[in-house]
Amino acid sequence: MKKVSVALIMFLAIGAVSRAQQQVVAPSLKRTSTTARPDRCATVQYMHQLYKQAGITNADASFETWIGQKIMEKKKLGTLGTIINYQVPVIFHIVHQGTAVGTGDNLSQARIQSQLAQLNKDFANLSNSPYGVASTTGLIFNLAQTDPNGLNLAEPGIHRVNATTDLTSLPAPPYSMNDFDTYGKPNSIWNPAKYLNIWIAPLSGGILGYSTFPVQSGLPGLSTGETDQNAGVVVVPSSVGSLVTPNGSCLGDGNIMGKTLTHEMGHFFGLRHIWGDATCGTDYCDDTPIHQDANYGTFSHPKSNSCGTLDEMFENYMDYTDDVQLNTFTANQVDRMQVVMLNSPRRTVLANSSVGVVNFTSNLVAFVGCGSSLTESETGTTGDPLRYHDLKITIAVEDRASGPATLTIGASGTATSGVDYTLLTPTVSFATGEGSKEVVIRIWDDGIVEPSESVTLSYVISGTGVVASPTQQVFTVNITDDDTYTIAQSSITLLNQDFETSVSGWTTLSNVTNPVNGFTVGQGATGFTGNSAYISNNRSLGATAPNTYTIDDAPDGSLSVISSPLINATGLSNLKLAYKWKCVGEKDADGIWDYGTIMTAPSTNALGFTSVPGAPSLVSNPDVIADNYSFPASYNNSSFYLGFYWENDNNTGTQPPLAVDELVITADGKKIEQTVNSNRGNNVPASTKVDFTSVQDGEIITTITDATASIGTVSTVVLQAGTTQVNITTPKGTYKRSAKVIKITPQTTYTGTAKVTLYFTQAEISVWNSSRSQLKVMQVNDGVDLSVGVNNSNAKILTPTVDDQLTAKGYISYTVTVTGFSQFFVVEPTTALPVKLISFTAKPAAATIQLQWATANEINNKGFFVERSTDGANFSSLGFVNSKVTAGYSGNTDYAYTDANVSLGTIYYYRLKQQDVDGNFTYSPVRSASLAPMTARFNVFPNPASGSTRLMPSKNMQASVQLINQTGQILKFWPRQNMTVAGVELALPALPAGIYTLRLIEDANISTQKITIQ
């Protein structure tokens, strides 16, 4: 039997699955395995191996007793914490395979120098530690000037070792620790009492480095395994570099910036791993918090653990964090190193070595990061009302500044300054000897769905203390959006496949041409209802194919996947898979050989299936099992293909193979906020859609869209909450409102319009039953006590657009257009306020009186009776004006009425009688107006007249003329024209004989004369 390791499957062809026929697929399939990330440091394993070889027991405890006593002695003398500077000569043994300098493992002199600069920087506490307990160590490393024969080295501090000629007993690289200690170190080490030996060599097993541990005495039985033949540090070539000149891109490897050597040197001078090489262990330093375990990668604060630690010091050099994040030795760690330098063999004498040293410094300055860019989510962690988080970008000198210098930071890119980000440090200044600074960008978290945007930082140097590095002079931050989501109070089903009616979009994949074993769809697997998808060795039989497999399907066995259509989880989270399965397969005491599991492939590569994290092993269950799998958070807001995988070897087998059915994938959307005092602030630009999700739990409060102008900063809060109906009283009566009230507050006065959307869950809206789609929205001024009552001076009733998603997604929303922001809630459909009369005027205009009025908040308004009086007490109706509004309206409505039957000199009184559709009515205030009498300013001749007459004004003017009967009816109108004192001829219409009136209208001046028509 053979053990098969499954990690990545690359399929080269696919074929459509149908119930009638399965197409032959995939002529070739490549399998590769992955290795779990190993310890980056093997010092502990190495030293325990040395203890065992030397027959030493309790070496760790003995050493800690010894160093503890030495620390107490220094404390009693008052010298604990006193830093003694030590100049330590180092020699880098570069082990290579005969390649040219600067190629392969034969690293260049510049690479070694940059590593030394990083080492000195780290040990001098110049790497920008955020901790007050961080301390310089007093250890200064210099390149050895001479070799063991006293000859000057052509490359100070470097000894190039050609393994093919100088270490012929050493097996081919990469080297195991045992081989390198047996054949490599003894044949290349220089006197460890004069040189600190550092080997750069490729190591096997994923190890990045290891070191010998200091001994407390040279006496037999007290050694900790370090000898003159092995004392020193080993690191792999890929780790050698600095923050300013990394050895490649840390996007694929986080340990390329020289911190591996810093870590191993910590061991060389007596430091333990920060987690104490045990769960919640100790490193014997009181100023380092207890760590639960080693940390890999990068982290953000706070990082708590089950040991009771509220926040871990993952920046400590003695953790396994990526190089870009390591920056701290603490004072207690320095105490240990100082004690070791004072007392431990092969350490106490190093500072007095006679080999000579060459000091290397570098004042190259560059942005520090994984390559020249990083991707950062906009998600805010602090701020009120606007949320943000501050991103710190390190700008570092490779060693330290040689003099004062100032860097002016520039920012460009597609992101908008002041909206998407703010550069908080437009300049940074280095004093002589300083090594690192931070450029801080404040990234604002908005509620706008938008594409990724970028900020590119650059710098201009003033002063001579630093010099621009050849690389990393610019740094780009790609800001990703966190506002793409689907609103859903209930779970959304993304996949529901029982293989009964349709398998459209499903495909099968295999590793050989014309495989015998593979997935089919039919009824061959017992225990399921109807069809299932299963492995069969006779798929040509279609629906009746048996649930059995052939052992020797291919020389190496067979692999097969059944793949789903694309699963689109954009905007969704908490993905879960429910499924039923059965599988026996081959399993014995040596392992699992024939089995199934769950896989996924990214949307960009339908053939790139990989095992899901925590993938279940589907084997050894002859009965149908209902099972569940929860996808990790990395699947949130993604698209992928789901696959069920089968593998068997070609040795033996146990029937039946894998069968699956009733596959259901569900996911959660953004839920509706239902908790009082949940709040959120956002900036609202013009013509955008801004979602407000609560700071407390990220659930949605409200949405503002289509603002006619930029509103600026807006705060929202769930002011009241609940699932009941609450009374709201208006002058029209008492009505029902929602218990939930949303308050929206702009920081500055906003006079434009915008749309507001209110969201309600099934629980919050169910009390309204079938009337939910007819509910209105009420807007009430801030500061109004809703329990006292509202009126048309402080409230509006708005008719919303309703989006009922209760069945599909478990919520309903109401969207209204508003002018201003305040308190919002829904009310029952019949809720009414008196019509709000904004203005009402009566003014003379020519020979009429013009009435004008404006309203707001009309609802259930039938219209207006226009009433007139000549004594201010007894009114009669002139006419009726219909309401222009048939539903609730948030804006103003203008009306006008002309009273033409008026006489000069009479004062008229007007009022409006507003009538609701139910017959209720309200009177407006009374307004008055009159046409003032004028002295005659024209004559007519002849008078009496027949057919025509001549009108002669008292002066030249522009005027119009009306002919009016005795009831005030206008019978003839002559438009405005130029008139002179000589007069204008007026053709009279054919009218019954009688007395009429000619009215001369010059702007607001009116004159009349009686005329007799014969």
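Provided above is the structure to which this section pertains.
Criteria and cut-off values
Residues numbered from 1 in each chain as written. Predicted model: local features only at pLDDT ≥ 70, side-chain atom pairs only at ≥ 80, totals over all residues. Heavy atoms only, no water. Axes fitted to C-alpha atoms, helices over the stretch in contact; angles between N-to-C directions. Helix = DSSP H or I, 4+ residues; strand = E, 2+ residues; numbered from the N terminus. Parallel < 35°, antiparallel > 145°, perpendicular 65-115°, else oblique. Contact = heavy atoms within 4.5 Å. Pairing = 2+ DSSP bridges. Phe/Tyr/Trp six-rings, centres within 6.5 Å; stacked < 30°, edge-to-face > 60°. Buried < 20%, exposed > 50% of the residue type's maximum accessible area, 1.4 Å probe, protein only. Lys NZ or Arg CZ within 6 Å of the ring centre and 35° of its normal. Polar contact = N/O pair within 3.5 Å; in protein donor to acceptor, adjacent residues only side chain to side chain. Salt bridge = Lys/Arg side-chain N within 4 Å of Asp/Glu carboxyl O. Expected span 1.5 Å × (residues − 1). Arc of directions from axis to C-beta.

Draft legend 1. Seen up close, the packing of helix 2 (residues 59–77) against helix 7 (residues 331–343). Running from amino to carboxyl end, helix 2 crosses helix 7 at an angle of 95°, the nearest separation of the two axes being 10 Å. Considered as vectors, helix 2 and helix 7 are oriented roughly perpendicular to each other. Contacts from Phe63, Glu64, Trp66, Ile67, Lys70, Ile71 and Lys74 of helix 2 reach helix 7 at Arg336, Val339, Val340, Leu342 and Asn343.

Draft legend 2. Structural view of the sheet that holds strand 11 (residues 364–367). The 5 strands are arranged 15-17-13-11-19 in an open sheet whose pairing can be described as mixed. Looking at which strands have only one partner, the edges of the open sheet turn out to be strand 15 (421–423) and strand 19 (467–468). In terms of strand pairing, strand 11 meets strand 19 through 2 bridges, oriented parallel. Of the residues in strand 19, the one forming a bridge with leucine 364 is valine 467.

Draft legend 3. Quick peek at the sheet that holds strand 51 (residues 892–899). Spatially, 47-48-51 is the arrangement adopted by the 3 strands of the open sheet, whose pairing is antiparallel. Each of the sheet's edge strands pairs with one partner strand only, and the pair in question is strand 47 (836–845) and strand 51. Here the average twist between neighbouring strands, direction ignored, is 15°. Strand direction decides the pairing type here: strand 47 and strand 48 (residues 848–856), joined by 9 bridges, are antiparallel. Bridge pairing in strand 48 links lysine 836 to alanine 856.

Draft legend 4. Just the packing of aromatic side chains, in detail. Under the criterion given, the structure shown has 34 aromatic pairs. Judged by centre distance (5.9 Å) and plane angle (80°), the ring pair of phenylalanine 760 and tyrosine 814 falls under edge-to-face. Of this pair, phenylalanine 760 sits in strand 41 (residues 754–761) while tyrosine 814 sits in strand 45 (residues 811–818), placing them 54 residues apart in sequence. When its relative accessible area of 0% is taken as the criterion, tyrosine 814 is described as buried. Geometrically, the ring pair formed by phenylalanine 921 and tyrosine 923 is edge-to-face, given 5.7 Å between the ring centres and 70° between the ring planes. An aromatic cluster of at least three residues, connected via ring pairs, comprises Phe123, Phe141, Phe268, Phe269, Tyr317 and Phe329. The positively charged end of arginine 347 is found above the aromatic ring belonging to phenylalanine 268, 3.6 Å away from the centroid. The ring of tyrosine 923 carries the charged tip of arginine 911 above its face, separated from the ring centre by 4.0 Å.

Draft legend 5. Focus on the side chain of threonine 43. Relative to the helices and strands, threonine 43 resides in helix 1 (residues 43–54). Of note is the side chain of threonine 43, whose polar atom sits 2.8 Å from the side chain of glutamate 264. Once residues within four sequence positions are removed from consideration, threonine 43 is found in contact with Gly209, Tyr210, Ser211, Glu264 and His267.

Draft legend 6. Region of interest: the pattern of salt bridges. Here the structure, examined in full by the defined rule, presents 28 salt bridges. Measuring nitrogen to oxygen at the nearest pair gives 3.3 Å for the salt bridge that ties lysine 185 to aspartate 181. Just as lysine 185 is buried, aspartate 181 falls in that class too. Residue arginine 347 is joined to glutamate 226 by a salt bridge in which the shortest nitrogen-to-oxygen separation is 2.7 Å. With arginine 347 in the loop between helix 7 and strand 10 (357–358) and glutamate 226 in the loop between strand 8 (209–211) and strand 9 (233–235), this residue pair connects regions lying 121 residues apart in the sequence. Connected via shared salt-bridge partners are Asp60, Glu64, Arg272 and Arg336.

Draft legend 7. Local environment of unusual backbone geometry. Following proline 173, the chain continues into proline 174 via a peptide bond in cis, with omega recorded as 0°. With respect to the secondary-structure elements, proline 174 resides in the loop between helix 4 (163–166) and helix 5 (177–184). Proline 944 follows asparagine 943 through a cis peptide bond whose omega is 10°. Structurally, proline 944 can be placed in strand 55 (residues 938–946). Positive phi is not limited to glycine here, since asparagine 677 has a value of about 75°. Turning to its location among the elements, asparagine 677 is positioned in the loop between strand 33 (659–668) and strand 34 (679–684). In this structure, asparagine 769 is a non-glycine residue whose phi angle is positive, near 55°.

Draft legend 8. Just helix 2, in detail. For helix 2, spanning 19 residues, the distance from its first C-alpha to its last is 27 Å, which sits close to the expected 27 Å at 1.5 Å a residue. Within the span of helix 2, buried status applies to Ala59, Phe63, Glu64, Trp66, Ile67, Ile71 and Lys74. The arc that holds every buried residue of helix 2, seen down its axis, measures 165°, which confines them to one face. In helix 2, the exposed residues that point more than 90 degrees away from the buried face are Lys75 and Lys76. In this structure, the buried residues of helix 2 make contact with helix 1 and helix 7. One or two steps after helix 2, the chain reaches glycine 78, where phi turns positive at roughly 80°.

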